[in-house]
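Here is what each chain is made of, one letter per residue.
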Amino acid sequence: MITAGKLDRFDIFIGPLHVQESEVLAQFAQTKRIPLVLPLPTMATSMQQNEFVFCVATELKTQAILMAQHLASEQHSTSIVLYKSNLPADTLIEQIFLSEFYANAPKNARIIIANETTAKGLLKSNVPITCISFSQDK
């Protein structure tokens, strides 16, 4: 996705949980001057000098709840898209996020549920989106 230019327009990255991918994304984030927040208790030495990398140790469930509350309370000029991986390990966190969002959002608020194909299509478009994924799969 980096090579194809799909991530050039992002405002912030949160994750990934995998160290190798985090290092690649950290280099890209530094080049593009996009903040990267890693939900890890430690980070690779190569990332410690990168001023665009921040490390916050939080439980994934807590991240999902806080992200849902934040998105529910904001007025958005973008569509909110939840990429659902359909992996059993991710389903609970995705359900927590959706429940928390709809419990706190205005009645007319909606989240677009996207699979891989839909998410790729939305990323190709020029329509601004807020894309959320809690998948721990590479």
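Worth saying up front: this structure is predicted, and the values here are computed from it rather than measured. (Residues numbered from 1 in each chain as written. Predicted model: local features only at pLDDT ≥ 70, side-chain atom pairs only at ≥ 80, totals over all residues. Heavy atoms only, no water.)

**A few points about the sheet that holds strand β1 (residues 13-14)**
Then, number 1: Read from one edge to the other, the open sheet built from three strands follows the order β1-β2-β3, with strand pairing classed as parallel. Each end of this open sheet is capped by a strand with a single partner; those strands are β1 and β3 (53-55).
Then, number 2: Taken together, the three bridges between strand β2 (residues 36-38) and β3 define a ladder with parallel strand orientation. Its bridge partner being in β3, Leu-36 is matched across the sheet by Val-53.
Then, number 3: The strands touched by helix α1 (residues 19-32) within the sheet are β1, β2 and β3, with β2 carrying the most contacts at an inclination of about 155°. (Pairing = 2+ DSSP bridges. Helix = DSSP H or I, 4+ residues; strand = E, 2+ residues; numbered from the N terminus. Contact = heavy atoms within 4.5 Å. Axes fitted to C-alpha atoms, helices over the stretch in contact; angles between N-to-C directions.)

**Digging into the pattern of salt bridges**
Then, number 1: Enumeration over the complete set of coordinates arrives at two salt bridges.
Then, number 2: Put simply, Lys-32 and Asp-8 hold a salt bridge, and the shortest N to O gap is 3.9 Å. One end of the pair, Lys-32, is in helix α1; the other, Asp-8, is in the segment before β1, and 24 residues separate them in sequence.
Then, number 3: For Lys-32, a relative accessible area of 39% gives the class partly exposed.
Then, number 4: Residue Lys-120 pairs with Glu-116 through a salt bridge whose shortest N-O separation is 3.1 Å. Here Lys-120 and its partner Glu-116 are both found in helix α4 (residues 116-124), four residues apart, which amounts to about one turn of the helix.
Then, number 5: By relative accessible area, Lys-120 is classed as partly exposed at 47%.
Then, number 6: On the accessibility criterion, Glu-116 (45% relative accessible area) is partly exposed. (Salt bridge = Lys/Arg side-chain N within 4 Å of Asp/Glu carboxyl O. Buried < 20%, exposed > 50% of the residue type's maximum accessible area, 1.4 Å probe, protein only.)

**A look at the side chain of Ser-85**
Then, number 1: Within the secondary structure, Ser-85 sits in the loop between β4 (79-83) and α3 (88-104).
Then, number 2: Taking the relative accessible area as the measure of exposure, Ser-85 reaches 15% and is therefore buried.

**Describing the packing of aromatic side chains**
Then, number 1: A complete count under the given rule lists five aromatic pairs for this structure.
Then, number 2: Ring centres of Phe-10 and Phe-13 lie 5.4 Å apart, and the angle between their planes is 25°; this geometry places the pair in the stacked category.
Then, number 3: What makes Phe-10 partly exposed here is its relative accessible area of 27%.
Then, number 4: Between Phe-13 and Phe-28 the ring centres are 6.2 Å apart and the planes differ by 55°, which places this aromatic pair in the tilted class. Taken together, the positions of Phe-13 in strand β1 and Phe-28 in helix α1 put the pair 15 residues apart, joining distant regions of the chain. Here Phe-13 and Phe-28 have matching classes, each one buried.
Then, number 5: Clustering of aromatic rings is evident, with ring pairs tying together Phe-97, Phe-101, Tyr-102 and Phe-134. (Phe/Tyr/Trp six-rings, centres within 6.5 Å; stacked < 30°, edge-to-face > 60°.)

**Description of the packing of helix α2 (residues 60-73) against α3**
Then, number 1: Viewed as axis vectors pointing N to C, α2 and α3 meet at an angle of 30°, and their least axial separation amounts to 8 Å. In terms of orientation, α2 and α3 fall into the roughly parallel class. Classified by chirality, the crossing of α3 by α2 is right-handed. Taken together, the residues of α3 that come into contact with α2 (itself represented by Leu-60, Lys-61, Ala-64, Ile-65, Met-67, Ala-68, Gln-69, Leu-71 and Ala-72) are Ile-93, Ile-96, Phe-97, Glu-100, Phe-101 and Asn-104.
Then, number 2: Its residues placed into classes, the contact of α2 with α3 shows eleven nonpolar, two polar and two charged. (Parallel < 35°, antiparallel > 145°, perpendicular 65-115°, else oblique. Left-handed = near helix turned anticlockwise from the far one by under 90°. Nonpolar A, V, L, I, M, F, W, Y, C, P; charged D, E, K, R; others polar.)

That's the geometry; what it means functionally is another story.
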